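The chain contents come next:
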Amino acid sequence: MNPFEDPDGQYYALVNDEGQYSLWPAFVDIPAGWLVSHGPDVRDACLAHISEYWTDMRPKSLVDAMENRDHSDPGRS
Amino acid sequence: MIPLSHAQRRLWFLSQVEGPSGTWNMPFAHRLRGPLDQDALYAAVDDVQRRHEVLRTVVVGDDEPHQMIVAEERATVPWDVRSVSPEDVLNVLGEEYRRPFDLATEFPIRASLFRLGPDDHVLLVMTHHIACDGWSMVPLAADLATAYDARLKRLAPAWDPLPVQYADYALWQRELLGDAYDEKSILARQSRFWQQELAGVPEAVSLPFDRPRPSESSRQTAFLEIDIGADVHRQLNTLIRDTGASLFMLLHSGLVALVSLLGGDTDICVGAPVAGRTDEDLDGLIGFFVNTLVLRTDVSGHPSFYQLVDQVRQKTISAYDHQDIPFEYLVEILSPQRSLAHAPLFQIMLILQNEPATDMELAHLDVEPVRVAASAGNSAFDLSFSLWERRGEDRPLGLYGFIEYSTDLFDRTSVEYLAERWVRLLDIASRTPSLPITRIDVRTVAECADPVVSSEARRRPAATLPELFQQRVHSSAGAPAVVTGASTTTYGELEDRANRLAHLLISRGVGPEDVVGIAIPRSVDLIVAVLATAKAGAAFLPLDVVYPVARIRFMLGDARPAILLQTQVTAEIVDVATPPRLTIDAPDIVAELTRRSAEAPRDTDRHSPLLPLHAAYLTYTSGSTGAPKAVVTPHAGLAPLVSSQRARLDVSTDSRILQFFSPSFDGSVWELCMALLVGGAVVLAEPEELVPGPLLGRVATAMRITHVTLPPLALSAIPVDVGLPPGTTVMLVGEAAPPHVISQWSGHQRVINVYGPTECTMIATISDPITAGADDTPPLGDPVAGTQLLVLGRGLQPVPPGVVGELYITGSGVGRGYASQFALTAQRFVACPYGPPGSRMYRTGDLVRRTAQGHLEFVGRADQQVKIRGYRVETGEVEAVLADNPAVAQVAVVPQIDSMGTNRLIAYVVVEDGAENEPNLRDFARERLPDYMLPAGVVFLDSLPTTPNGKLDRAALPGPTFQTDHSGALPATPRERILAELFAELLGLPEVGVRDNFFELGGHSMLALRLINRVRATLGTELTLSALFQAPTVADLVRRMSTDDRDTTLDVVVPLREGGAATPLFCFHPAGGLSWSYAGLLRHLDAAHPIYGVQARGLARDEPMPSTITEMAADYVDQLRRLQPTGPYCLLGWSFGAVVAHAVATQLQEEGEDIALLALLDGYPGWAPAASGADDTPQRLLADLLQLFGWEAAELDTDDLTPATAVEILRRRDGLTAAIDEERILAITRIMSRSGALLREFTPRTFRGDVVVFAASKGQPADVPSPEAWGDYVHGHLAVHYLDCTHEQMTSSASLATVAQVLAPRLKGSGGCER
């Protein structure tokens, strides 16, 4: 079974600096650049947390750029 | 009578089943260097046999075998003594190893002495397992040494007599274990334990085999040395102290973890031997005591090595507590799925050898053990691991041993990798026993050195779609951008139009992060709308106007576009109140566009600057929860993709790219980018030209296409002789291409596999041109620029090559997510542990495997997603839609492979209690789902079958029966019958009713083309695709095809097929007068031959009927001559018709005509079968009539039959509507009755020529004449063919197929004729 699909598993809700969320199986080390926003908890609770707190799917750097046009140019490297 | 022990009995039984073989031989071989006293050796071996009764025991009895012990003085060991060259000795040993024992007449021991040179010998003592086991080698060696020593001194060995013999053990075991029927016996108690412990064990273990398991194991094995270093040994010893587990348990835990990681199973059985010498009195005994324990481990979840060891420890202890039951007995009582392909209950054996060393010391000789098995292994197991501990002064020095592996399944290299991974796993697990085993990376050191993430080093600056397009406009404004059959639009013109529309959109408030719906079919307008939307900064959402309105409304409600672009035509189709709509070809808009600026919008014109992370477009894909979901794709992934298109697909400014995919599918974006962002031309064709088939190939050639992207099925629908322009780059997408398609096309075209989920900017991998041989699975390819691929196991650890893992994609192509579906996005677009900090990877759900050559191979899906005609479909979405029907209580939608090897969906439905009728789910679904998501079949069940843990038991679902029309009309007229058979053949169904819709039964446009071809070949009728769309049932098609024809079905001559130029075949009616039953011949005979049925007078109207068969034949001769004035004639008749055909043939001959073919189907002179009026009461005749239509006599209540009820029966089931009414039924019964009478009075004349007779071989009544009865009336060769059918079944499809097969060459030889 895919580790993201275990109905009985323990999970985290992770968030990165773009404000993007990721479900994450608790038995796997948390990847660099991600913080625990919720958990460990059951899967549904983590997903509920994500649905509640993630409200804008645009990456944060894009939101910043749209709000402050002098800001850096996201996606251009 | 002394019984066999349980183990012996089972082994005896197995060897009986197997026949003579060396399977159970146990060699004991030693090289003896030095002065050998041969006589002392012979005597010593005899001494050992005398000491151990079991070695002088034969097995007698057939049903219940028992031991017969031969007295000491009459027993002697047979010897084979000869000289053998040292090079040959291993071969000779191998031969000897394979030589069977006959247990009933031979002792289970024999000896060989091979003389290699002076003072150099090999001694082989061969025993049968029934009398020996591994531990027996210790007393064997000791006793042989003692006896040889004594015999050297010419003494008898002075050993203590054995306390017990094997026969005592066998009796004692029977006593101890007790009776299986006694609940309290050990046998019964331990049986219960094992029955519970091993309930539902998997049939066979999964591992990355090099070859599929053959249906019968060859039992061939080979050996590989294995070594576990001192470090790991020491770490394991530390763990022994920490856990209280034994070394065996740790090795076993590691093995189970490895098998799970490599094969994906979580329920794993491993076998382990136990000595079985539970009493020390048995220690000095030779005999079969060893037993095998089955150790079953649950590796599900993510247990740590500690937890696994703990489980294994408990399992092993309880197995030891129940070790008295012989394994062979266990197999009998559990009777798992028996198979010749693999060993029962477990296929992996683990042996940690703890038996004392079997070093033998013989006086004055240097003795060295010789391993016989190594040259030719023989085992039923997939893998056997045998290990010995190496110890010095109680310090662990490592373990050594060998893996015996089945060469059916494994190559040596794979077993080497397996061994290396096991050692690596034991190393990691013993150092970090708290780590979940699913997290262990078992890749070898070399494999870890390969980058997990392979990517193209150079990163391109991100760009937006308008920027990329702009570059092309600047460099080639005059070059063709869009080509249709009628016109060409240049880059400059396209830019001009798109800019004006973009400014109009901006003026309506549209900007970045807005969505613009586009309901415009493939056209220049569509491309203008797409570009204009991007230029305004918004994301485009193409909507396919052929989708159900409900689905379009859902998408509009879900994506909430700011504006909907449409044309005057589509405005009528997509009639919605919101969002505001803009009809781009409406006069006022056209006028407004001319006033707008033709300059490209700049960031200063847009409502906010357009950035690469802004959404470029939305694509709806099937969603498992019942509603489609919108994938949001930013601009950022486009530039790398386009660079890969250019670099790896040879796309250039000269390229002409066919726009094949529907605009709502992101394949169309792939095509547009390939052309317009590189500088080539998009080629637009008419929708009907894009239907896969010959036309598509011709259009592609006429339009000089250089690049085309197609699902494999669409490519395979183009006839190879029609082809595509030579050198075309054909990109296959959507599903794995069958090897034959690739081999057919790769000769003249560049065939390339492309793969990618919508979530990752269309395409993630592109293969090199494929030239694969016929058996290879095409590789997925290498990642496109900026994209990396990860193959991860269930602990998100990278898996080694050859092992199936799930594909994850990371890099710039990964999309933003599913619009407004935050929780869903967080489940699929997940944190990436192998990329830059904070990066995400997309979880594809595709199971893949990296081959040893480094290619990525698609293996299957991890979830319920299926591809239908290349479209992604979540069965959950179809289920959710069907479940919305109030009459549906439960539903499961399951993909099934049809006769063409393609997927189709079958819905299994449980209806709500109290629902009156089975709901018409197809109509219900059609209003809500696009056609590729419609179930091809609906099966109604009382309940859905479930597995013990409550999941849907897919294996228990019945095969699909299709929801046919409720009137159940089956084909009746010849044309209906032939069409229905073609429908059924192509759809892979047993039968099809006349009112069943071809497309609803799973037909799709590609199958439709095959149908058209088959109709042409069979009926000689040209059917068009549009005709089939408008008349998709058999009944509709027949009506359509016969609009120009008068109804001929009851005429004396009914044309079953007209139009061909070759000799016609005339088929004469049976007793009932109708000739429709010959329609089944059409499919199997060349369409060049017209086929006519000749029917009785009096069917269509009251008219004079012939009073003799001679008169009837004369009438038919006149009819024939109207259609074919001169011979040679081809004639055929069944039953009564056979006699008529013969009569017609004799008359034609008498008139001087040639007969090229006379075929008689189970009809004989003077013989009237039951169904031709032998007993001509009206009821009997009606019953016979119904039998002619395929009814079984037993189904009919003969006494109550009237013409009216007969018509009713025929109408109800057989769908006879127009042609047959009560009056016709009466006419048919009259004709039948008359036929019988005519037949009895008729004597045939003599036919001069060859005759083919087809005789029924089943269910023939006693009075039926033999086919040779025709010999009296034929001067010529009588060729008789027996068909495996009854008289009534002579005109079934299967029978007529055989008849046609025989007749086809004769018919062909009949030549043409003047008409």
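Remember, predicted model here, so these are calculated numbers, not experimental data.

Here we come to the nonpolar core. Residue and element names in this part refer to chain B. In terms of nonpolar packing, the biggest core is built from 94 residues, with Leu494, Leu501, Leu565, Trp670 and Leu676 touching the most fellow members. Ranked by residue count, the leading element in this core is helix α15 (residues 524-536), at 10 residues. Here Trp670 is in contact with Leu641, Gln645, Leu649, Thr709, Met731, Val754, Met762, Ile763 and Ile766, once residues within four sequence places are set aside. Counting residues in hydrophobic clusters, the runner-up holds 93 residues, among them Val270, Phe327, Leu418 and Val799.

Within the UniProt annotation, "domain: MbtH-like" (unreviewed entry) is assigned to residues 2-52 of chain A. Strand forms 41% of residues 2-52 of chain A and helix 20%; the C-alpha atoms that close the span are 25 Å apart.

Residues and elements named next belong to chain B. Counting buried residues in strand β15 (residues 395-406) gives nine out of 12 residues, a clear majority hidden from the surface. Here eight bridges tie strand β8 (residues 220-228) to β15, and the two strands are oriented antiparallel to one another. Residue pairing in the sheet places Ile226 in a bridge with Gly401 of β15. Count of turn residues in the strand β14 (residues 383-392)/β15 antiparallel hairpin: two residues, of which Glu393 carries a positive phi of about 45°.

This part is about the side chain of His503 of chain B. Along the chain, His503 of chain B turns up in helix α14 (residues 491-507). When near neighbours in sequence (up to four residues on either side) are disregarded, His503 of chain B contacts Arg596, Ser597, Glu599, Ala600, Pro601 and Asp605 of chain B.

All names here are of chain B. Within the open sheet, the seven strands sit side by side as β42-β44-β43-β45-β46-β48-β50. Their pairing is mixed. Strands with a single pairing partner mark the edges of an open sheet, and in this sheet they are β42 (1053-1057) and β50 (1278-1283). Each strand axis lies, on average, 20° off the axis of its neighbour in the sheet, ignoring direction. In the sheet, strand β45 (residues 1129-1134) pairs with strand β46 (residues 1155-1161) via six bridges, with the strands oriented parallel. Within β46, the position partnered with Gly1133 by the bridge is Leu1160.

With that out of the way, let us pick up the interface of chain A and chain B. A common way to report how large an interface is uses the accessible area buried once the components associate. Across the contact, 41 residues belong to chain A and 43 residues belong to chain B. Roughly 3300 Å² is buried in total at the junction of chain A and chain B, and carbon and sulfur atoms are behind 65% of that figure. If you look at where chain A meets chain B, you find one salt bridge. When the shortest N-O distance is used, the salt bridge between Glu5 of chain A and Arg843 of chain B registers 2.8 Å. At the surface where chain A touches chain B, the tally comes to 10 residue pairs in polar contact (both at pLDDT 80 or more).

Within the structure shown, the criterion is met by 27 aromatic pairs over all chains. Measuring from ring centre to ring centre gives 5.7 Å for Tyr21 of chain A and Trp54 of chain A, while their planes differ by 35°; the resulting arrangement is tilted. Residue Tyr21 of chain A is located in strand β2 (residues 21-25), and its partner Trp54 of chain A is located in the loop between α1 (43-53) and α2 (60-67); the two are separated by 33 residues in the primary sequence. Taken as a pair, Tyr21 of chain A and Trp54 of chain A share a single burial class, namely buried. A ring pair is formed by Tyr166 of chain B and Phe289 of chain B, whose centres lie 5.1 Å apart and whose planes are at 65°; its orientation type is edge-to-face. Here Phe289 of chain B lies in the loop between β9 (267-274) and β10 (291-298) and Tyr166 of chain B lies in helix α5 (residues 166-177), a separation of 123 residues in the sequence. Overall, the relative accessible area of 1% leaves Tyr166 of chain B in the buried class. You can call Phe289 of chain B buried: its relative accessible area is 3%. If you follow Arg110 of chain B out to its NZ or CZ, it ends over the ring of Phe101 of chain B, 4.2 Å from the centre. Residue placement shows Arg928 of chain B over the ring face of Phe924 of chain B; its charged tip is 3.6 Å from the ring centre.

What follows deals with the confidence of the model for chain A. The predicted coordinates should not be examined in detail at positions where pLDDT is low. On average, residues of chain A carry a pLDDT of 90, and 88% of them reach 70 or more. Per-element confidence in chain A ranges from a low mean pLDDT of 92 for α2 of chain A to a high of 98 for β2 of chain A.

Turning our eyes to something else, we now look at the environment of Pro779 of chain B. Residue and element names in this part refer to chain B. Position of Pro779 relative to the elements: it lies in the loop between β29 (765-766) and β30 (782-783). With a relative accessible area of 19%, Pro779 lands in the buried category. Counting along the chain gives 207 residues from Pro779 to Leu986, while the straight-line C-alpha distance between them is 30 Å. If sequence neighbours within four positions are ignored, Pro779 has contacts with Asn753, Ser767, His855 and Leu856.

A cluster of like negative charges, contributed by Asp279, Glu280, Asp281 and Asp283 of chain B, occupies part of the molecular surface. Among the secondary structure elements, Asp283 of chain B is positioned in the loop between β9 and β10.

Moving on: empty space enclosed by the protein. All names here are of chain B. Going through the model one piece at a time under the given rule, you end up with 12 cavities of 30 Å³ or more. Tyr169, Gln173, Gly276, Gln323 and Asp324 are, among the 17 residues lining the largest cavity, the residues nearest its centre. Broken down by element, the lining of the largest cavity gets its largest block of residues, five residues, from α5. A per-class count over the lining of the largest cavity returns 11 nonpolar, five polar and one charged.

Residues and elements named next belong to chain B. Packing of helix α27 (residues 974-987) against helix α30 (residues 1034-1041) leaves a shortest axis separation of 9 Å and a crossing angle of 130°. When the axis of α27 is compared with that of α30, the two are oblique. The crossing of α27 and α30 is right-handed. Contacts between α27 and α30 involve Arg975, Glu976, Leu979, Ala980 and Phe983 on the former and, on the latter, Val1034, Leu1037, Val1038 and Met1041. Its residues assigned to classes, the contact of α27 with α30 comprises seven nonpolar, no polar and two charged.

Thresholds, definitions, all that
Residues numbered from 1 in each chain as written. Chains lettered and ligands numbered in written order. Predicted model: local features only at pLDDT ≥ 70, side-chain atom pairs only at ≥ 80, totals over all residues. Heavy atoms only, no water. Core = buried A, V, L, I, M, F, W, Y, C linked by side-chain atoms within 4.5 Å. Buried < 20%, exposed > 50% of the residue type's maximum accessible area, 1.4 Å probe, protein only. Helix = DSSP H or I, 4+ residues; strand = E, 2+ residues; numbered from the N terminus. Contact = heavy atoms within 4.5 Å. UniProt positions renumbered as here; feature names shortened; annotations may be inferred. Pairing = 2+ DSSP bridges. Axes fitted to C-alpha atoms, helices over the stretch in contact; angles between N-to-C directions. Buried area = accessible area lost by both parts, 1.4 Å probe. Salt bridge = Lys/Arg side-chain N within 4 Å of Asp/Glu carboxyl O. Polar contact = N/O pair within 3.5 Å; in protein donor to acceptor, adjacent residues only side chain to side chain. Phe/Tyr/Trp six-rings, centres within 6.5 Å; stacked < 30°, edge-to-face > 60°. Lys NZ or Arg CZ within 6 Å of the ring centre and 35° of its normal. pLDDT = per-residue confidence, 0-100. Patch = residues over 30% accessible without salt bridge, like charges linked within 9 Å, V, L, I, M, F, W, Y side chains within 5 Å. Areas by Shrake-Rupley, 256 points an atom, 1.4 Å probe, with all protein chains shown as cover. Lys, Arg positive; Asp, Glu negative; His and termini not counted. Charge placed at Lys NZ, Arg CZ, Asp CG, Glu CD. 1 Å grid on protein atoms, 1.4 Å probe; cavity = no way out; pocket = protein on both sides within 12 Å on 5 of 7 lines; lining within 4 Å. Points joined across faces, edges and corners; volume = space filled by probe spheres on them. Nonpolar A, V, L, I, M, F, W, Y, C, P; charged D, E, K, R; others polar. Parallel < 35°, antiparallel > 145°, perpendicular 65-115°, else oblique. Left-handed = near helix turned anticlockwise from the far one by under 90°.

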